[in-house]
Amino acid sequence: FSLDLTADCNAILKALQPVFQEQGMTETVHNWEDHGYLATYIKKNGSFANLRIHPHGLVLVDLQSYSDHAKGREEVDQLLNKVEERMKEFFHGNIKRVKRLPALLRGGVIDRYWPTADGRLVEYDIDEVVYDEDSPFQNIKILHSKQFGNILILSGDVNLAESDLAYTQAIMGSGKEDYTGKEVLILGGGDGGILYEIVKLKPKMVTMVASNIDQMVIDGCKKYMRKTCGDVLDNLKGECYQVLIEDCIPVLKRYAKEGRMFDYVINDLTAVPISTSPEEDSTWEFLRLILDLSMKVLKQDGKYFTQGNCINLTDALTLYEEQLSRLYCPVEFSKETVCVPSYMELY
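Residues numbered from 1 in each chain as written. Predicted model: local features only at pLDDT ≥ 70, side-chain atom pairs only at ≥ 80, totals over all residues. Heavy atoms only, no water.

1. Points about the packing of aromatic side chains
Move 1: Summed over the entire model, instances satisfying the criterion amount to nine aromatic pairs.
Move 2: Grouping aromatic residues by their ring pairs yields a cluster made of Tyr 167, Tyr 343 and Tyr 347.
Move 3: Sitting over the ring of Tyr 255, Arg 260 keeps its end group 4.7 Å from the ring centre.
Move 4: One residue, Lys 296, lies across the ring of Tyr 328, its end atom 5.5 Å from the ring centre. (Phe/Tyr/Trp six-rings, centres within 6.5 Å; stacked < 30°, edge-to-face > 60°. Lys NZ or Arg CZ within 6 Å of the ring centre and 35° of its normal.)

Written out as structure tokens, the structure reads:
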């Protein structure tokens, strides 16, 4: 509750006491004089409420309850309804705003809460844990969402959902590129989405270096993300593609030394690089290293595609663009903003 006037802490406390007493909750009050009141109300079943009254006019009620059935949730709603009714009666229109947040479910079998890239908390409509394994490199989860289908989550980072064709299309050039007869190098891309879409476009050869060095990602995706990867991960070699389960740094260095060149390099590495190499102590050093090595295997008229970041992370995006001026060769670049469904943010 946000009030239009200074809060009379003692008066508010007395006004709300009967509401909690009716629930058989015992009260403990802490008074910090100029800093307001904190009252806790505890029920015999372990449920409890915190009432925090700030003198400047902010009143907060937090209720925690172990309610794994509809009746328990209904009791919580009834208590909060009574608190709201009593506050409105007491203040006679002097409440500027009332905001009730939905309940957070803690300790559930299914984790529905995942952060966006810029640190906001999103609650997904997850209804099933499809796959949950720890590889030597990371935790791999595939969770099912009613809206987005199966979602691949690597060490707490939402990577891609079956709904996210927009991401794959954007990192391939948004339909503006002709891949027919071209040599393509994909860095990362363990979900198989980019490989699946490019193979349809009749390239000469696609080499995917699944540089998270994690066969378990590929194994999980080929079984549970088939709407994204189709059948391209069933075999590590196809008519016009090959998948290498190797660290991309040595591979890029080897290709540069051999003089092997590509028409397109697509960087779909994970947000936080996984590596066995001491060269990558810093994320930015890693990114510069990948960029420099990629330029060395890119044809003069070739193109390099990569993900950026959440549009709200302007500092990180600016820092990335600064790296482009520090490469050993001059480059031109452009950018595009895309709505990726399961990210719930512009990217």
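Alright, that's what it looks like, and here's the rest.
2. Details of the domain arrangement of the protein chain
Move 1: Structurally, the protein chain comprises domain 1 (2-97) and domain 2 (163-325).
Move 2: Between domain 1 and domain 2, the C-alpha centre-to-centre distance is 53 Å. (Domains from an automatic or database assignment.)

3. With respect to the confidence of the model for the protein chain
Move 1: The pLDDT averaged across the protein chain works out to 90; a share of 95% of its residues lies at or above 70.
Move 2: Contacts for the low-pLDDT stretch residues 272-280, under 50 throughout, to residues beyond four places or in other chains number 18 contacts. (pLDDT = per-residue confidence, 0-100. Contact = heavy atoms within 4.5 Å.)

4. Concerning the environment of Gly 220
Move 1: Considering the arrangement of structural elements, one finds Gly 220 in helix α5 (residues 215-224).
Move 2: Put simply, Gly 220 and Leu 152 are 68 residues apart on the chain and 9.0 Å apart in space, counted from C-alpha to C-alpha.
Move 3: Apart from residues no more than four positions distant in its own chain, Gly 220 is found in contact with Tyr 131, Ile 142 and Met 225. (Helix = DSSP H or I, 4+ residues; strand = E, 2+ residues; numbered from the N terminus.)

5. Thoughts on the pattern of salt bridges
A side chain with one charge may pair with a side chain of the opposite charge, provided their charged atoms come close.
Move 1: Counted by the stated rule, this structure contains 16 salt bridges.
Move 2: One salt bridge connects Lys 141 with Asp 132, and the closest N-O pair in it is separated by 3.8 Å.
Move 3: Across the pair Arg 260 and Glu 183 runs a salt bridge whose closest N-O atoms are separated by 3.9 Å. Here Arg 260, found in the loop between α7 (248-258) and β16 (262-268), pairs with Glu 183, found in strand β13 (residues 183-188); they are 77 residues apart in sequence, far enough to count as distant.
Move 4: The exposure class of Glu 183 is buried, given its relative accessible area of 16%.
Move 5: Within the structure, one salt-bridge network assembled from shared partners comprises Glu 84, Lys 88 and Arg 100. (Salt bridge = Lys/Arg side-chain N within 4 Å of Asp/Glu carboxyl O. Buried < 20%, exposed > 50% of the residue type's maximum accessible area, 1.4 Å probe, protein only.)

6. Regarding the environment of Ser 334
Move 1: Along the chain, Ser 334 turns up in the loop between α9 (314-324) and β18 (339-340).
Move 2: It is 10.0 Å that separates the C-alpha atoms of Ser 334 and Glu 321, two residues lying 13 residues apart in sequence.

7. What about unusual backbone geometry?
Move 1: At His 92, a residue that is not glycine, the phi angle is positive and equals roughly 45°.
Move 2: Residue placement: His 92 occurs in the loop between α2 (70-91) and β6 (95-97).
Move 3: With relative accessibility at 67%, the residue His 92 sits in the exposed group.

8. Quick look at the sheet that holds β13
Move 1: Strand order in the open sheet formed by five strands is β15-β14-β13-β16-β17, with parallel pairing between adjacent strands. Unpaired on one side and paired on the other, β15 (241-244) and β17 (298-306) mark the two borders of the sheet. When strand polarity is set aside, the average angle formed by the axes of neighbouring strands in this sheet is 15°.
Move 2: The pairing of β13 with strand β14 (residues 205-209) spans five bridges and is parallel. Note on β14: the bridge partner recorded for Val 184 is Val 206.
Move 3: Along the sheet, helix α8 (residues 283-296) contacts β13, β16 and β17; its crossing angle with β17, the most-contacted strand, is approximately 145°. (Pairing = 2+ DSSP bridges. Axes fitted to C-alpha atoms, helices over the stretch in contact; angles between N-to-C directions.)

9. Some points on the packing of α8 against α9
Move 1: Where α8 meets α9, the closest approach of the two axes is 10 Å, and the angle between their N-to-C directions is 40°. Looking at the two axes, α8 sits oblique to α9. As for how α8 packs across α9, the hand of that crossing is right-handed. Across the interface between the two elements, Trp 284, Leu 287, Arg 288 and Leu 291 of α8 pack against Ala 316, Leu 319, Tyr 320, Gln 323 and Leu 324 of α9. (Parallel < 35°, antiparallel > 145°, perpendicular 65-115°, else oblique. Left-handed = near helix turned anticlockwise from the far one by under 90°.)

10. Quick look at the sheet that holds strand β12 (residues 157-161)
Move 1: Taken in spatial order, the four strands line up as β9-β10-β11-β12 in an open sheet, and their pairing is antiparallel. Strands with a single pairing partner mark the edges of an open sheet, and in this sheet they are β9 (126-134) and β12. Sheet twist, expressed as the average angle between the axes of neighbouring strands with direction ignored, equals 25°.
Move 2: Bridge count between strand β11 (residues 149-154) and β12: four bridges; the pairing is antiparallel. By the bridge assignment, Leu 154 is partnered in β12 with Asp 157.
Move 3: Sheet strands in contact with α5 are β9, β10 (139-145) and β11, and its direction is about 150° off that of β9.

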